[in-house]
Amino acid sequence: MSAVVPSVEQVSDPVIHAAGLRKVYGDTVAVGGIDFDVAPGESFGLLGPNGAGKSTTMRMVGAVSTRSDGELSILGLDPDASGPEIRAQLGVVPQQDNLDMELQARENLLVYGRYFGLPRRTIAQRADELLAFAQLEDKAKAKVDDLSGGMKRRLTIARALINDPRILLLDEPTTGLDPQARHILWDRLFRLKEQGTTLVLTTHYMDEAEQLCDRLVVVDKGEIMAEGSPAALIREHSTREVLEVRFGSDRNAEAARRIGAIAGLGGDRIEELPDRVLVYADNGEHALAAVVDSGLEPITSLVRRSSLEDVFLRLTGRSLIE
Amino acid sequence: MSTTPSSTPSAAPAARSAPTPAELTDAARRSRALGPIFVAEHQLRTMSKFRWTMIATAIGTPLLYLFAFGVGLATLITGNVGPGGANGEVSYLEFVAPALLVTAATLVATEEFTFGVLLGLKWNPTWIGMNASPLTGAQIVTGHFLFIAVRMVITVSIYYVVILLFGAMPSPLGILLIPVGLLAGFAWTFIAAYSATIREDKGQFAVLQRVVILPLTLFSGTVFPLAQLPWFLQPLGWASPLWHASELGRQFAYGPTEPFWLTLVHVVYLLALAAGGWMLCQRIVKRRLDK
């Protein structure tokens, strides 16, 4: 997305600072001591599979979950001491919508604005603007129960913006939505980013992370595996292109072994998945030619650019969506 | 475009200037002070969606009960049962009316302390949403209770008016049945605390309703004096908030019928239950939201 990426060292005055941040439930370590800083106006992502500790991290940053250990400050405040002050500056889009199903769409914004102690007139005006922003003007009087999944998600985002937050926390904002609904959401989030709102989002969709994040951390089992911009992560941990070849499920293993033996492709750049073999190469077409020249006959082949999915696979040996 | 957040103002979006500590404190001040009121406002708005069923229930219940007890059951009861025992000055309807009113408050309160609490925490977890705003778990509980207070005031006020229409309220002090009704309802806050511990709904509320609350409405000196029960069942009444509330209500409706210290015991007992359950519920909800 960009060549100039702020690393943690360059962030001079972070809006979020976490160091050695830990969360433990009984014997289970949900977050095992992670460090990250987020700069004002930055769009920061936590990428990882389900159960990686993303949501727990988000709840700690959202000042609703007390950390077990480590440092955490949001806008310079400690959530243990100043929870309400921090939350007054946040917009939160939780993984599961918690809109009031009995109320109309607009009413949900009105009651939520009151929690921040905002004057009714201000809330009413913002509610109308936000309904327009979320493309829900004609649904203002619809009961939430009757909205589609994508509309509920947009309403939740509108609700999160009612207090004009400095930081917007989005926990898997588009999980479960159809492609069209996702694109509408991304567009809205991109506009917020352009307006200078700090975004922190978790996702297990690599395309989402690539679309929205200036910088991200790859999280697995409560630990940070890598950090950087999407482009830098791909550059660092993967090749430019990937060749995907399928030989049929019982022949993939044998084919992978033979591809690994082809001179010039390199044994450690091959990933054998149950349904296909991935060959990491700077030039996918050349790699395909080498595979075919060696006498192998793939049923299908595909050359594509490396993605964050490949980064994740290389870092953890596992797929993002299981 | 550049993604360096602070060093290239021309290309990067203008990040907002950092808030000062005073601005941060200010932004949360109203929520810290008035949080429970904002919660109650929300709940009242949701309740207004069901206003017709609520009002119909609030009017229909006293009409039916007072009719059944006053016109039906009273004909079977040959003597009066109030102070002075049989053939005293107080009619049977006058005797049961305060107890029916506090029972109505109890039913409204326990409904909200059970289903209302689990609705907010689990079924439609609006409380989780509230907690993501500046509101705290304790404020959410207090706000929910504030809303229940409003709902109870509506219910018992209507009940009181219907009792007046039936001519079953001898003393003008009977108006105090409205706060007594509130006290009766809030004496069940421990149920709210229990509800907040429930993770999985396995019909606990139905059991509670049938095994605890419904029997207590019969064995708490409500429709007959507690002294009529065999001695070994009477402690049940002494422990029951309903007995204390009914007796307290009767002191205002046609009393006094008991020594003053006992009236004081009723008030203190009910207040202690209300306060204890309220504090416990705040703690449990706070812990549950902090996960």
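Just above sits the structure.
Colleague: What exactly am I supposed to notice about the overall build of chain A here?
Modeller: For chain A, the count of helices and strands is 11 helices and 13 strands. The principal-axis extent of the C-alpha atoms belonging to chain A is close to 75 × 45 × 40 Å. Scored against the burial criterion, the 322 residues of chain A give a buried share of 57%. Of the contacts formed within chain A by residues at least 6 apart in sequence, a portion of 69% connects residues at least 24 apart. Total accessible area on chain A stands at roughly 13300 Å², and carbon and sulfur atoms take up 46% of it. Computed over 37 positive and 50 negative side-chain charges, the inter-centroid distance for chain A is 5 Å.

Colleague: Mind showing me how you'd approach helix H3 (residues 105-115) of chain A here?
Modeller: The element H3(A) is extensively covered by neighbouring structure, given that 10 of its 11 residues are classed as buried. Among the residues of H3(A), those classed as buried are A:Ala105, A:Glu107, A:Asn108, A:Leu109, A:Leu110, A:Val111, A:Tyr112, A:Gly113, A:Arg114 and A:Tyr115. Where H3(A) is buried, its residues contact helix H4 (120-133) and helix H5 (149-160) of chain A together with helix H1 (21-48) and helix H4 (126-132) of chain B. Positive backbone phi, approximately 70°, marks A:Gly117, located one or two places after H3(A).

Colleague: Please clarify how helix H3 (residues 92-123) of chain B should be interpreted in this entry.
Modeller: In an α-helix, one turn spans 3.6 residues; hence positions three or four apart end up facing the same way. Residues and elements named next belong to chain B. Taking 1.5 Å of rise per residue, the 32 residues of H3 would be expected to cover 46 Å, and the 43 Å separating its terminal C-alpha atoms lies within 8% of that figure. Of all the bends in H3, the largest measures some 25° and sits at phenylalanine 113. Among the 32 residues of H3, 26 are classified as buried, and the element is accordingly described as predominantly covered.

Colleague: Got a minute to help me understand the pattern of salt bridges in this structure?
Modeller: Pairing between side chains becomes possible if they bear opposite charge and their charged atoms approach one another. Inspection of the entire model under this criterion finds 29 salt bridges over all chains. The residue B:Glu41 makes a salt bridge to A:Arg114 at a minimum N-O spacing of 2.9 Å. Taken together, the residues span two chains, with B:Glu41 in helix H1 and A:Arg114 in helix H3. The closest approach of N and O atoms between A:Arg276 and A:Glu244, which form a salt bridge, is 3.2 Å. Remark: A:Glu244 occurs in strand E10 (residues 241-246) and A:Arg276 occurs in the loop between strand E11 (270-272) and strand E12 (277-281); sequence separation between them is 32 residues. Relative accessible area serves as the criterion here: at 10%, A:Glu244 is assigned to the buried category. Among the charged side chains, a salt-bridge network with shared partners connects A:Glu244, A:Arg246, A:Asp275, A:Arg276, A:Arg304 and A:Asp310.

Colleague: Looking at this structure, how should I read the pairing of strand E8 (residues 215-220) of chain A?
Modeller: The side chains of a regular strand alternate, residue by residue, between the two faces of the sheet. Residue and element names in this part refer to chain A. Here E8 lies mainly inside the structure; 6 of its 6 residues are buried. Every second residue of E8 is oriented toward a common face, with Arg215, Val217 and Val219 on one face and Leu216, Val218 and Asp220 on the other, all of them buried. Summarising the sheet, strand E3 (residues 43-47) and E8 pair through 4 bridges and their orientation is parallel. Paired with leucine 46 across the bridge in E8 is valine 217. The loop that links E8 with its antiparallel partner strand E9 (residues 223-228) comprises 2 residues; one of these, lysine 221, has a positive phi angle of about 50°.

Colleague: Where do I start with the interface of chain B and chain A in this structure?
Modeller: Think of interface size as the accessible area that goes away when the parts come together; that is how it is often given. Counting residues at the interface gives 43 residues for chain B and 49 residues for chain A. Across the chain B to chain A interface the summed buried area is about 4100 Å²; carbon plus sulfur atoms make up 52%. Where chain B meets chain A, there are 5 salt bridges. The salt bridge involving B:Lys49 is made with A:Glu107; its shortest N-O contact spans 2.8 Å. The interface formed by chain B and chain A contains 21 residue pairs in polar contact (both at pLDDT 80 or more). For the side of chain B that touches chain A, the elements supplying multiple residues, two or more each, are H1 and H4 of chain B. Looking at which element gives the most residues to the side of chain B that touches chain A, the answer is H1(B), with 13 residues. Taken together, the residues of the side of chain B that touches chain A break down into 20 nonpolar, 15 polar and 8 charged.

Parameters and conventions
- Residues numbered from 1 in each chain as written.
- Chains lettered and ligands numbered in written order.
- Predicted model: local features only at pLDDT ≥ 70, side-chain atom pairs only at ≥ 80, totals over all residues.
- Heavy atoms only, no water.
- Helix = DSSP H or I, 4+ residues; strand = E, 2+ residues; numbered from the N terminus.
- Buried < 20%, exposed > 50% of the residue type's maximum accessible area, 1.4 Å probe, protein only.
- Contact = heavy atoms within 4.5 Å.
- Areas by Shrake-Rupley, 256 points an atom, 1.4 Å probe, with all protein chains shown as cover.
- Lys, Arg positive; Asp, Glu negative; His and termini not counted.
- Charge placed at Lys NZ, Arg CZ, Asp CG, Glu CD.
- Expected span 1.5 Å × (residues − 1).
- Bend = angle between axes of the 7 residues up to and from the residue.
- Salt bridge = Lys/Arg side-chain N within 4 Å of Asp/Glu carboxyl O.
- Pairing = 2+ DSSP bridges.
- Buried area = accessible area lost by both parts, 1.4 Å probe.
- Polar contact = N/O pair within 3.5 Å; in protein donor to acceptor, adjacent residues only side chain to side chain.
- Nonpolar A, V, L, I, M, F, W, Y, C, P; charged D, E, K, R; others polar.

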